Amino acid sequence: GGIGSEAYEGMMFWSDGVMDGPLFTAINAPIATALLQYRTQRLAAAKSIAHMNGYAGAYWPWQSGVTGFERSCGNVSIAMKTNMNSKAPRVGCYWMHEIHISADVALYFRLNYYRTGRNETFLKEIAWPVVSATADFFASRVNRSTHPSRNWTMLQVIGPDEHSYITDSNTYTNVAAGLVMGFAAEAASLLGLSPPSLDDWKAKSASMYVPVQEYCLSWRNASTVGCPAGEVVSIHPQYDGYHGQDINQADVALLQWPLHMQMDASIAKNDLRYYAERSSGSDTKGFYTGDSSYAIAMLFAGDRAAAETQLSFAFDHQLGPYNIWTETNPKVAAHNATGNLNFLTGAGGF
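It should be emphasised that the depicted structure is a prediction, and the values quoted were computed from it without experimental measurement.

A. Highlighting the environment of I235. Tracing the backbone through its elements, the reader meets I235 in strand 4 (residues 232–235). Among the residues examined, I235 registers a relative accessible area of 0% and is labelled buried. The sequence separation of I235 and Y215 amounts to 20 residues, and the corresponding C-alpha distance is 7.1 Å. Among all residues touching I235, those that are not within four sequence positions of it are P211, V212, Q213, Y215, I267, N270, D271, Y274 and Y275.

B. Representation of the packing of aromatic side chains in the model. Overall, the coordinates contain 18 aromatic pairs when judged by the stated rule. Seen in terms of ring centroids, F13 and W62 are 5.3 Å apart; in terms of plane orientation they differ by 90°. Their pairing is edge-to-face. Of this pair, F13 sits in the segment before helix 1 (15–27) while W62 sits in the loop between helix 3 (43–52) and helix 4 (78–82), and the two are 49 residues apart along the sequence. We note that F13, like W62, is buried. With centroids separated by 5.5 Å and ring planes inclined at 55°, the aromatic side chains of Y215 and Y274 adopt a geometry described as tilted. Of this pair, Y215 sits in strand 3 (residues 213–216) while Y274 sits in helix 9 (residues 265–279), and the two are 59 residues apart along the sequence. You'll find Y215 and Y274 in the same group, each marked buried. A connected cluster of aromatic rings, assembled from ring pairs, spans Y215, Y239, Y242, Y274 and Y275. Taking NZ or CZ as reference, R144 lies 3.9 Å from the ring centre of W152, over its face.

C. Highlighting the environment of V232. Along the polypeptide, V232 turns up in strand 4. With 17 residues separating them along the chain, V232 and Y215 place their C-alpha atoms 5.5 Å apart. Ignoring anything within four residues of it in the chain, the contact list for V232 reads E214, Y215, C216 and C227.

D. Broad picture of helix 2 (residues 29–40). Taking 1.5 Å of rise per residue, the 12 residues of helix 2 would be expected to cover 16 Å, and the 16 Å separating its terminal C-alpha atoms lies within 8% of that figure. Listing the buried residues of helix 2 in full gives A32, L35, L36, Y38 and R39. Down the axis of helix 2, the buried side of the element spans an arc of 155°, and every buried residue falls inside it.

E. Representation of the nonpolar core in the model. Of all hydrophobic cores here, the largest spans 83 residues; its most connected members are W60, F138, M154, W201, Y275 and Y294. Ranked by the residues each element gives to this core, the list is headed by helix 7 (residues 171–191), at 12 residues. Ignoring any residue separated from it by four or fewer positions in sequence, one finds M154 in contact with I99, F138, R141, V142, D168, S169, N170, T173, N174, A177 and M208.

F. Seen up close, the environment of F137. On the secondary structure map, F137 appears in helix 6 (residues 120–141). Sequence separation between F137 and Y59 is 78 residues; the distance between their C-alpha atoms is 6.3 Å. Setting aside chain neighbours within four positions, we find F137 in contact with Y55, A56, G57, A58, Y59, I99 and S102.

G. The arrangement of the packing of helix 1 against helix 2 in detail. Across the interface, helix 1 lies against helix 2 with an axial gap of 6 Å and an inter-helix angle of 140°. Between helix 1 and helix 2, the angle falls in the class oblique. Contacts from D16, G21, F24, T25 and I27 of helix 1 reach helix 2 at A29, I31, A32, L35 and R39. Classifying every residue of the contact of helix 1 with helix 2 by side-chain character gives six nonpolar, two polar and two charged.

Thresholds, definitions, all that
Residues numbered from 1 in each chain as written. Predicted model: local features only at pLDDT ≥ 70, side-chain atom pairs only at ≥ 80, totals over all residues. Heavy atoms only, no water. Helix = DSSP H or I, 4+ residues; strand = E, 2+ residues; numbered from the N terminus. Buried < 20%, exposed > 50% of the residue type's maximum accessible area, 1.4 Å probe, protein only. Contact = heavy atoms within 4.5 Å. Phe/Tyr/Trp six-rings, centres within 6.5 Å; stacked < 30°, edge-to-face > 60°. Lys NZ or Arg CZ within 6 Å of the ring centre and 35° of its normal. Expected span 1.5 Å × (residues − 1). Arc of directions from axis to C-beta. Core = buried A, V, L, I, M, F, W, Y, C linked by side-chain atoms within 4.5 Å. Axes fitted to C-alpha atoms, helices over the stretch in contact; angles between N-to-C directions. Parallel < 35°, antiparallel > 145°, perpendicular 65-115°, else oblique. Nonpolar A, V, L, I, M, F, W, Y, C, P; charged D, E, K, R; others polar.

Given below as structure tokens:
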């Protein structure tokens with residue numbers, strides 16, 4: 001929230017590495033470095049969290065304060081209230097399932113490694129302890145998928161779109177986890193290290209399950225059966241069993257920004273077209289958490305007109321007269337409110 005309000009009580013979230021971090025990496029090196037220091041100073045806490053939950057490495061909290069331990073036991077019934085995944089069981093604190101956060105933390109170190117011009121001292125002394133420990137966590141957390149490929153996947157997770165609740169094989173989580181393990185293996189090679197987990201990182205990062213499925217582009221609650229007056233396209237489903245439900249923030253779109261995942265150009269464009277209308281249009285959820293990623297990815301895809309349209313949604317989240325950022329769109333009937341102020345995640349993405 002910052003000084004504009006007490007929103008989220010000043011805690012650190014995953015967006016410090018995904019929405020705000022890239023901005024500071026580009027324009028303000030001292031703040032970018034401070035974000036890195038915040039995590040390195042709390043690596044011991046992340047390792048303790050992993051150990052207490054039966055995993056290896058470092059397991060980063062969803063909402064982190066001074067100690068580096070989890071500061072919130074999130075409301076797991078949120079999906080029930082939105083009717084997004086009404087059959088999902090009630091379980092304990094949902095932060096335990098939102099493990100993409102650990103990838104978001106580690107990948108911010110990768111981004112800053114490139115910012116420093118591939119500085120080997122930075123890689124060895126700053127990035128390596130965090131990245132290697134986080135890679136160990138993911139290597140211990142994966143399961144074999146039920147897909148015929150039997151590739152590795154993450155079960156019982158919550159992706160960036162928190163309103164989808166707990167699902168299996170969230171695409172963003174799988175890809176991000178694979179990137180962390182792959183970068184750890186790359187870093188080990190560059191530094192001449194041979195950690196015990198090296199072969200495990202290589203094998204699992206190279207075979208993470210990344211689903212692709214055909215959907216009917218024109219339908220709201222899309223079905224894979226039939227597509228009258230529509231267009232059947234290939235996209236990345238948000239998770240196993242996803243069938244076109246509205247979402248509260250960008251999820252699959254994050255594959256393109258900030259992950260820069262390599263994919264077929266047509267699938268990249270289909271992903272953006274499909275999910276943008278389900279998360280950030282004037283008649284959908286009205287959150288402004290990860291929706292800036294659509295505009296950025298559309299620019300990468302060369303679709304300036306679509307990016308301009310997407311960018312225009314941001315201005316509904318600037319509350320006059322001082323342009324304080326709002327979490328939700330007060331013009332959307334479902335909210336009729338601003339959500340939390342001052343919403344730095346939205347500001348950073350914008």
